[in-house]
Amino acid sequence: MKKLLVLLPSVLLYFLFIVLIDPNFLFSSEDEKIAQSIVDGNSVFVFKKVEPYRNLKKCIIERMPKDTECVVVGPSTSLVFDSQSVGSSSFYNLSITHGSFQDTLAILGILEANDVNYKKLVLNLDNFFFDSKADQYANTEFIKPYADYMSSLVLDGKDHKSRVHPDYAALLSSKVDALFSVSYFQDSWRYLSSRKLHALTRRWGIVDSGFAGDDFSYDQNAAIFYPKKAVEKTEQDVIDYVSTYDIEGVFSFGSHISTERVKFFDSLVAYLKSRGREVELVLVPLPPVMWDKVSEKSDCYVLDEVSEVMEKTRERYGLVLHGSLNPYKCGVVNADFYDARHIRRESLHKLFTE
């Protein structure tokens, strides 16, 4: 009994520490506040551990105008797509880090469930959408019901909007896991060590557009600005990133893209067109040093296969296709990238040439 009395306060303090510091905002309503500020037309910085921000994008969709000219959907390579590149000031960037097949469907499903009437969809896809092996990089349980909802709309036209909602059991599970997670405690400690009192008092704030501080910031369209340390990276940094990049895992050497997902993609585009949506496709190139490294391997098939699918879809539906996975077709150089995969905002004009 005495041991329990001694141990209990320590356990409670451990839980309290995690809940108060909470680097991913699992136990707070910060995402809702940030989303509302962005929709109100503000640019914001976020003191937050880097993670996919799925809930934040869901919150933005729930608050954005019902009539919006354009939305951007895709993985992290399109997080910097801005109003100039997409050709509209009335747009929201809904891209997600490590955006997978399920993520793409979920974001589209959340848009449908919230009756957002967007005219144009700028859809950035890579092998993560078509390659089922890439699902290992995703963590989409919370918003998976929206992906299932979108899949139902595309495949059989059934609208179960009244029954679609987030997986609250998965959300609760993630919170419980965080409380007992050594890694989340370590993340919380590192967050507190780097932020000091800001970890509790200044989690996010409004800044001028284009703010490049110590953390990522969002403009009023939810497109990101990279932090200062990323902006200052050099071409040599990109080369160094590529030298340690897991190309065999990320590009699924020896494997092919899923034929089922290729068929679904065709059905998805057909559905979007039937809804009166204008669809523009985007392929963000690899840095030349990455492309050269991958091209040396004879068992990397997914990049050529993705490019072929996108080109055939463009031809079949008369769509615009921006960019290419091949950097030499876009005229980009290594210095046009922040790292091994992400193109700089100021270099987007090399993709969006029309």
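Refer to the structure above for everything that follows.
These numbers were taken from a predicted model, which means no experiment stands behind them. (Residues numbered from 1 in each chain as written. Predicted model: local features only at pLDDT ≥ 70, side-chain atom pairs only at ≥ 80, totals over all residues. Heavy atoms only, no water.)

J.: Explain the side chain of Arg344 here, please?
T.: Its location among the elements puts Arg344 in the segment after helix H17 (327-330). Once residues lying within four places of it in the same chain are set aside, the contact partners of Arg344 are Ala230, Val231, Lys233, Ala335, Asp336, Phe337 and Tyr338. (Helix = DSSP H or I, 4+ residues; strand = E, 2+ residues; numbered from the N terminus. Contact = heavy atoms within 4.5 Å.)

J.: I tried to follow the pattern of salt bridges on my own but got confused; where do I start?
T.: Side chains bearing opposite charge may pair, as long as their charged atoms lie close to each other. Enumeration according to the criterion identifies 17 salt bridges in this entry. The partner of Glu62 in a salt bridge is Lys58, with the nearest N and O atoms 2.5 Å apart. Here Glu62 pairs with Lys58, and both are found in helix H3 (residues 54-63), just four residues apart, close to one helical turn. A residue is classified by how much of its surface remains accessible, and Glu62, at 31% relative accessible area, is partly exposed. (Salt bridge = Lys/Arg side-chain N within 4 Å of Asp/Glu carboxyl O. Buried < 20%, exposed > 50% of the residue type's maximum accessible area, 1.4 Å probe, protein only.)

J.: Would you mind going over the sheet that holds strand E1 (residues 43-46) with me for this structure?
T.: By way of backbone hydrogen bonds, the strands of a sheet pair with one another, either parallel or antiparallel. Spatially, E5-E1-E6-E7 is the arrangement adopted by the four strands of the open sheet, whose pairing is antiparallel. Among the strands making up the open sheet, the edge pair consists of strand E5 (204-207) and strand E7 (224-225). One ladder, built from two bridges, connects E1 with strand E6 (residues 217-218); its direction is antiparallel. Looking at E6, one finds that Phe45 is bridged to Ser217. (Pairing = 2+ DSSP bridges.)

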